[in-house]
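# Observations on the model geometry
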Amino acid sequence: MTSEGFRREMPDLSSALEVFEEEQRKLAEFQRKLAETTTVVDAPKKLFTVTLDGNGELTELKFNTTGYRSMPPAELSALITETLQKARRQSLETMQELMGSPMGGTDLNDLASGQADLADVLGKVMEPSLDLVREANGDSPSKSSDRTEDDGWDRS
């Protein structure tokens, strides 16, 4: 086989690589924005403030008054838990806004709550790049709804 014949048989992967690089750029930009983001939520009567980082992790719990000292422990505990949950929901909403369109058509709240399968989401995200590779190889692009073959992701 001549080198000319070999070149004609090789698929043109430059389009797939461009799509992949664009997705990588978008992900890096999302991560940068996420690192700069905080969520701050005040408890009722501003007894305390919780601050979460861009990943939804608690970075600060600041008591603004001494009013919490006279609260029954169970009531204070419930108030802290409720305020943290509210902050977490707001943090997920902010992540979704930063991301733009839902990742692979999946809402981050579904992913965070375990209602969405991460393997399915990653498959949907990678599908456009994989379709370009299939087309370059002369295969027809797959339709995700028609996929019945094993895609290699362990869903156990």
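Being a predicted model, the structure only gives us computed values, none of them experimental.

Turning our attention to helix H3 (residues 73–99). Here H3 spans 39 Å end to end across 27 residues, near enough to the 39 Å set by a 1.5 Å rise per residue. Buried residues of H3: Leu76, Leu79, Ile80, Thr83, Ala87, Ser91, Leu92, Met95 and Gln96, and no others. Looking one or two residues beyond H3, the residue adopting positive phi is Gly100, at roughly 85 degrees.

The subject of this paragraph is the packing of helix H2 (residues 14–35) against H3. The geometry of H2 relative to H3 is characterised by a closest axis approach of 10 Å and an angle of 145 degrees between their N-to-C directions. As for the relative orientation of H2 and H3, their crossing is right-handed in sense. Every residue of H3 that contacts H2 at Phe30, Lys33 and Leu34 is listed here: Met95, Leu98 and Met99. Grouping the constituent residues of the contact of H2 with H3 by class yields five nonpolar, no polar and one charged.

Taken from the UniProt record, the annotation "coiled-coil region" (unreviewed entry) applies to residues 13–40. Annotated as 79% helix and 11% strand, the span residues 13–40 places its first and last C-alpha atoms 45 Å apart.

What follows deals with the sheet that holds strand E3 (residues 58–63). The antiparallel open sheet is built from three strands, whose spatial order is E1-E2-E3. A strand with exactly one partner marks an edge of an open sheet, and here the two such strands are strand E1 (38–42) and E3. Across this sheet, the average inter-strand angle for adjacent strands is 15 degrees, counted without regard to direction. Those strands touched by H3 are E1, strand E2 (48–53) and E3, and its axis lies near 35 degrees from that of E2.

Residues in a regular strand project their side chains so that they alternate between the two faces of the sheet. As defined by bridge partners, E2 adjoins E3 across five bridges and the pair is classed as antiparallel. If you follow Phe48 over to E3, its bridge partner there is Phe63.

About the criteria used
- Residues numbered from 1 in each chain as written.
- Predicted model: local features only at pLDDT ≥ 70, side-chain atom pairs only at ≥ 80, totals over all residues.
- Heavy atoms only, no water.
- Helix = DSSP H or I, 4+ residues; strand = E, 2+ residues; numbered from the N terminus.
- Expected span 1.5 Å × (residues − 1).
- Buried < 20%, exposed > 50% of the residue type's maximum accessible area, 1.4 Å probe, protein only.
- Axes fitted to C-alpha atoms, helices over the stretch in contact; angles between N-to-C directions.
- Left-handed = near helix turned anticlockwise from the far one by under 90°.
- Contact = heavy atoms within 4.5 Å.
- Nonpolar A, V, L, I, M, F, W, Y, C, P; charged D, E, K, R; others polar.
- UniProt positions renumbered as here; feature names shortened; annotations may be inferred.
- Pairing = 2+ DSSP bridges.

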